[in-house]
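Chain by chain, the residues:
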Amino acid sequence: MMGAFSETSTWAGFVKKRTVMDQNWERGRCSHEWRTLRGEPGVWRWKLDSHSLNGGKIIVSGIEGGYRAYRTTDGSRVWQSPEPDSHYPHVELSEGYLVAADSQSDDYIIWRRNDITTPPSLLAQAKIDALSEGSFSLPLPSSSDSPPPYAFVPFSIVRSPRSCSATKVRFPYLVAVSSSTQEAYIFDMTKAGIHTTLNLSQLHIAGGPIYDPSTTYVELDDDYVFIAGNHSVTIWDYSGQFKGSLPPQQDLPNDGDVNPDDYFRYPSLARYSTRFRSFTAIHHGGSGGHLVTTTLSGALLWVPMFAKLLREEPSTLASKTVVLQMRDAIIQLAVENDRAVFVTKSPSNRYGLWAINLRAFADLDDFKENPPVPICLMYPLPTLLIPSRVEIASDSVFVGVWSGFGPSGVLHAQFRMSSEGPPLKEHSWRSLHGQVLSSIVTSELERSEQLVHRHTWAHIIREGEMQVAAGAGHDWVDSFLVFNFSNIGS
C-alpha cells in the first residue's frame, strides 16, 4: 500500500483511514505530488517495487541501457547497474525478481532482490560476479553493522529457444511470445527451464477464426495466461489449454474489411467484435475478480468475477462483459482490486488520466442500476512524450512525466493554466453485443471550449520542444506524478 497505513496503530484508526481513502477514490479526490528522479538522464520503462524493505522503489531502465532504482519518497537513487547494456531495455518485475533480456543472445537474465535468499541462486559465484560487475548501491554502507543496501543480484539464466518480444513475469513464471513461430513459452525461473509451450496458432489451424500474427500484451494471474493481439485476447491455463477469448471465439471476424467505428453508425453489422482493434493492455484485479482490457479504438472491456465464469459458466463470458467506449484511444491501463486507471491519447497528442470504480455486478440489468462514471484525474498530463506506463496501488497512482512542467520547471506556470481545461467527458457503456447501457453526450459549448484548449496546449507543447532544442534539457520522462488518495479528508 506504499505506506498509506504505516502510521496507523489501532484497528479503529485503520478503518477510519480506509473509509476516507475509499471515499476519495469514489469521488476522484487526490493530492498531486511530484517526484523528480535525481540525476536521471531519461527513463525508458519502469515498474514499482512496492514490497521492498524500507519503503517503495521505482525501478527504471535507461534510454541507453542499464537499470536504476529510486526511492518513491524523495526520488533519490539507491541502486544502479550497467546491465542490460542495450538501448531501450524492457522492465519486468514480480515479487523481487527482475527480468532482463540478454543483449548478446535470446536468453533472459533473472535478477533477484538481495533480501530474498531462498531458493538458492542457480548460478555459480563467478557468473554472479561477472554479471554484477559495475553494479552498486547508494548510499554505501557506513559500517559492517549497517543493514544490507537495496540491490539486485543475478539469480538464474533462462535460455529461450527463439527470439521473443512480448514478455510478462509473475513469480515463479516468465512468459515470452515468439511472433515468428506463434508460440508462447512459459518458463519456470526457479528451474531455468520451459514449463509449457503454448501453440497460439492451433485455433487457426483447427479451423477456428482466431489468428493474430502479432502479440501486443501479455498478462498472468495464478491460474491463467492472457495474450492480447490486434483482434482478440486469448486465455490459456498453465498446462497449455485454450480456455476462451474476448471477444468470444465464435464471434470474431475472419477478415478486416469492416471499420471498427462503423458498428456504432450501422447497428445492423453483425460482427460487433470488429470495433476492438489493437488491444493495448490487459490486467486483472487479483483473486479472480475483475478482468479489464483496452484498445486503441478507445474501448475498455470489463468482466467481473472472470475466474468463476471461466471455471463454472464459460458460455456466459460474453453476456457478462461490458464495454466502455471513450472518445480517445486508451494506451495504458492498471487495475488494483476494485479500481482501474487508464491513460487516453487524443488525436492532438493530449494525454489524460482516468479512473473507474469497479463492482461485481450480477448481470446487465444490475449494471445499469449503477454504471461507473469515468473520473478524470488530470487532463492533460504534463508530458511531451507518450506515457509508457501507469501503476496503481491501494492509495495512489504513479505516472511518468517531464520535469519541465514540474514545480521548478520552465513551463510550470503554463502547465498549471492549461490543466484547468476540462476534457470531453463523452462516453458510453454497452454490452458486448452493442446494447446501450448508459451514455453521456458532450454539448456544443463543451466542444467549443475544448477546441480553444487544444490550441493552447499545442502552443505549450511547441514551446516545450523549443526549450529542449535550445539546450534546456531533454524531453524524456525524468519525474513521476503521484496521485495520493490517502492524505485528503483524513
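These numbers come from a predicted model, not from an experiment.

J.: Sorry, what's going on with the overall build of the chain here?
T.: Broken down by element type, the chain carries eight helices and 31 strands. Across the 490 residues that make up the chain, the buried fraction comes to 54%. Taken as a whole, the chain presents about 21,300 Å² of accessible surface, with 50% of it coming from carbon and sulfur.

J.: Explanation requested: the packing of aromatic side chains in the structure shown.
T.: The relative placement of two aromatic rings is captured by the distance of their centres and the angle of their planes. A complete count under the given rule lists 21 aromatic pairs for this structure. Residues tryptophan 25 and phenylalanine 485 carry aromatic rings whose centres are separated by 3.7 Å and whose planes lie at 10° to one another, so their mutual orientation is stacked. Of this pair, tryptophan 25 sits in helix α1 (residues 11-27) while phenylalanine 485 sits in the segment after β31 (479-484), and the two are 460 residues apart along the sequence. As far as the burial class goes, tryptophan 25 and phenylalanine 485 line up, both buried.

J.: Hey, could you run me through the sheet that holds strand β7 (residues 97-101) in this one?
T.: To summarise the sheet geometry, strands pair through backbone hydrogen bonds and adopt either a parallel or an antiparallel arrangement. An order of β6-β7-β8-β10 is seen for the four strands of this open sheet, with the pairing classed as antiparallel. Bordering the open sheet on either side are β6 (92-94) and β10 (152-158), each of which pairs with just one other strand. Between one strand axis and the next, the sheet turns through 25° on average, direction left out of account. By the bridge criterion, three bridges tie β6 to β7 in an arrangement that is antiparallel. Counted as the bridge partner of leucine 93 is leucine 98 from β7. The strands touched by helix α2 (residues 125-132) within the sheet are β8 (108-113) and β10, with β10 carrying the most contacts at an inclination of about 115°.

J.: Is there a simple way to think about the environment of tyrosine 173 in this case?
T.: Summarising the element assignment, tyrosine 173 is placed in strand β12 (residues 173-178). C-alpha separation for the pair tyrosine 173 and aspartate 188, spaced 15 residues apart in sequence, amounts to 4.8 Å. If near-sequence neighbours (up to four positions away) are discounted, tyrosine 173 is found in contact with Lys168, Ile186, Phe187, Asp188, Met189, His195, Leu220 and Tyr238.

J.: Help me understand the sheet that holds strand β9 (residues 136-137) in this model?
T.: Strand order in the open sheet made by the five strands is β2-β3-β4-β5-β9, with antiparallel pairing throughout. Single-partner strands in this sheet number two, and they are β2 (43-49) and β9. Note: strand β5 (residues 77-81) against β9, two bridges, orientation antiparallel. Looking at β9, one finds that glutamine 80 is bridged to phenylalanine 136.

J.: Just to check I follow, could you spell out α2 for this structure?
T.: Two residues of an α-helix separated by three or four positions point the same way, owing to the 3.6 residues in each turn. Turning to α2, its buried residues number three or more, namely Ile128, Leu131 and Ser132. The arc that holds every buried residue of α2, seen down its axis, measures 95°, which confines them to one face. If you follow the buried residues of α2, they end up packed against β8 and β10.

J.: Would you mind going over the nonpolar core with me for this structure?
T.: One recurring pattern in soluble globular proteins: nonpolar side chains tend to sit buried together. Core analysis: the largest hydrophobic core is formed by 42 residues, its most contacted members being Phe226, Leu300, Trp302, Phe306, Val322, Phe342 and Trp429. Element by element, the count of residues in this core is highest for strand β21 (residues 299-303), at five residues. Not counting residues within four places of it along the chain, the set of residues in contact with tryptophan 429 comprises Trp302, Val322, Val323, Leu324, Ile356, Phe367, Pro371, Pro372, Gln435, Val436, Leu437 and Ser438. Counting 33 residues, the second-largest nonpolar core is a separate cluster that includes Val341, Met378, Phe415 and Ile461.

J.: I would appreciate a short explanation of the side chain of serine 76 in the present structure.
T.: When you line up the elements, serine 76 lands in the loop between β4 (67-71) and β5. Polar contacts involving the side chain of serine 76 include one to the side chain of arginine 71, which spans 2.8 Å. There is a polar contact of 2.8 Å between the side chain of serine 76 and the side chain of aspartate 74. For serine 76, the residues in contact, after removing those within four places along its chain, are Arg38, Ala69, Tyr70 and Arg71.

J.: How should unusual backbone geometry be read in this particular structure?
T.: Trans is the prevailing form of peptide bonds, just as negative phi is the prevailing case for residues other than glycine. A cis amide bond links glutamate 83 with the next residue in sequence, proline 84, at an omega value of -5°. Of note, proline 84 is situated in the loop between β5 and β6. A cis geometry characterises the amide bond from phenylalanine 171 onward to proline 172, with omega recorded as 10°. Note on placement: proline 172 falls in the loop between β11 (167-170) and β12. One non-glycine residue with positive phi stands out, namely asparagine 349, at about 60°. In this fold, asparagine 349 is placed in the loop between β24 (339-345) and β25 (351-357).

J.: Can you help me understand the environment of phenylalanine 171 in this one?
T.: Looking at where phenylalanine 171 falls in the secondary structure, it is placed in the loop between β11 and β12. Judged by its relative accessible area of 23%, phenylalanine 171 falls in the partly exposed class. As for phenylalanine 171 and tyrosine 97, which are separated by 74 residues in sequence, their C-alpha atoms are 7.3 Å apart. Setting aside chain neighbours within four positions, we find phenylalanine 171 in contact with Ser94, Glu95, Tyr97, Met189 and Thr190.

Cut-offs and rules
- Residues numbered from 1 in each chain as written.
- Predicted model: local features only at pLDDT ≥ 70, side-chain atom pairs only at ≥ 80, totals over all residues.
- Heavy atoms only, no water.
- Helix = DSSP H or I, 4+ residues; strand = E, 2+ residues; numbered from the N terminus.
- Buried < 20%, exposed > 50% of the residue type's maximum accessible area, 1.4 Å probe, protein only.
- Areas by Shrake-Rupley, 256 points an atom, 1.4 Å probe, with all protein chains shown as cover.
- Phe/Tyr/Trp six-rings, centres within 6.5 Å; stacked < 30°, edge-to-face > 60°.
- Pairing = 2+ DSSP bridges.
- Axes fitted to C-alpha atoms, helices over the stretch in contact; angles between N-to-C directions.
- Contact = heavy atoms within 4.5 Å.
- Arc of directions from axis to C-beta.
- Core = buried A, V, L, I, M, F, W, Y, C linked by side-chain atoms within 4.5 Å.
- Polar contact = N/O pair within 3.5 Å; in protein donor to acceptor, adjacent residues only side chain to side chain.

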